[in-house]
Amino acid sequence: MVAWSDQERSIITSIFSNLDYNDVGPKALIRCLIVYPWTQRYFASFGNLYNADAIKTNPNIQAHGTKVLHGLDRAVKNMDDIKTTYAELSVLHSEKLHVDPDNFKLLADCLTIVIAAKMGSGFTPEIQATFQKFLAVVVSALGKQYH
C-alpha cells in the first residue's frame, strides 16, 4: 500500500478536476503511438495507423485515449487501493490482450508530457513528483498480473 499525504491527494484531485479528457487523453495516446510505433500493434483493429496524420485523425484512437484517461478516475477515487481497483484490468491486458507491461510506462510518460504542456509553469517539480508517483502506482497495478 502506498502512503499519500493530504497534499498529494489534493494535487492529484486538482489535476484531474481540471482536465479536458477529450483533449488530453487522445493527445497522450497519439503521442505514445507516434513516438513508440511498436505500441501500434495492439491497435490493429482500429484501422489506418500508417502515419502520424492517420493516427491523429483516427476516431478509434481518439475514443480510446479518452477512455484510458477516464480509467484513471478509478485510481483517483481509490488512491488507497489502486492495485485492487485495477486487478481485472491487469488480467485483461495480460491474459487477453497480451499487452507488454512496459507500454503502460510509455503511455504514462506521454501523459506526463501532455499534462506538463497543458499546465505550463504550474507543473512544478513538486506537482510532477506527485503526478509521477501516482502514475507509477497505476502502472505497477496494471502490471501486477505479469509478476
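Scroll up to find the structure this text is about.
Just so it is clear, the structure is predicted and the values come from calculations on it, not from any experiment.

Calculation notes
Residues numbered from 1 in each chain as written. Predicted model: local features only at pLDDT ≥ 70, side-chain atom pairs only at ≥ 80, totals over all residues. Heavy atoms only, no water. Core = buried A, V, L, I, M, F, W, Y, C linked by side-chain atoms within 4.5 Å. Buried < 20%, exposed > 50% of the residue type's maximum accessible area, 1.4 Å probe, protein only. Helix = DSSP H or I, 4+ residues; strand = E, 2+ residues; numbered from the N terminus. Contact = heavy atoms within 4.5 Å. Disulfide = S-S within 2.5 Å. Axes fitted to C-alpha atoms, helices over the stretch in contact; angles between N-to-C directions. Parallel < 35°, antiparallel > 145°, perpendicular 65-115°, else oblique. Left-handed = near helix turned anticlockwise from the far one by under 90°. Phe/Tyr/Trp six-rings, centres within 6.5 Å; stacked < 30°, edge-to-face > 60°. Lys NZ or Arg CZ within 6 Å of the ring centre and 35° of its normal.

1. Topic: the nonpolar core
Judged by nonpolar contacts, the single largest core of 30 residues is most densely connected at Phe16, Leu69, Ile82, Leu111, Ile115, Phe131 and Phe134. Breaking this core down by element, the ones donating at least two residues are α1 (6-17), α2 (21-35), α4 (59-77), α7 (102-119) and α8 (125-142). In terms of residue count, the dominant contributor to this core is α8 (nine residues). Those residues in contact with Phe131 that lie beyond four places of it in its chain are Ile12, Ile15, Phe16, Leu111, Thr112, Ile115 and Phe123. Membership of the second largest hydrophobic core comes to eight residues, among which are Leu33, Phe43, Phe46 and Ile61.

2. Here we look at the state of the cysteines
Across all of its chains, the model carries zero disulfides by this definition. No disulfide involves Cys32; its sulfur sits 4.5 Å from the nearest other cysteine sulfur, which is in Cys110.

3. Looking at the packing of α2 against α7
Between α2 and α7, whose axes approach to 8 Å, the crossing angle comes to 130°. Relative to α7, α2 is oriented oblique. The crossing of α2 and α7 is right-handed. Contact residues: Asp23, Val24, Lys27, Ala28, Leu29, Arg31 and Cys32 in α2; Leu106, Leu107, Cys110, Leu111, Ile113, Val114, Ile115 and Lys118 in α7.

4. Re the packing of aromatic side chains
Summed over all chains, the structure comprises six aromatic pairs. Between Phe43 and Phe46 the ring centres are 5.2 Å apart and the planes differ by 65°, which places this aromatic pair in the edge-to-face class. Sitting above the plane of the Trp4 ring, Lys133 keeps its charged end 4.7 Å from the centroid.

Shape is all these values report; function is a separate question.
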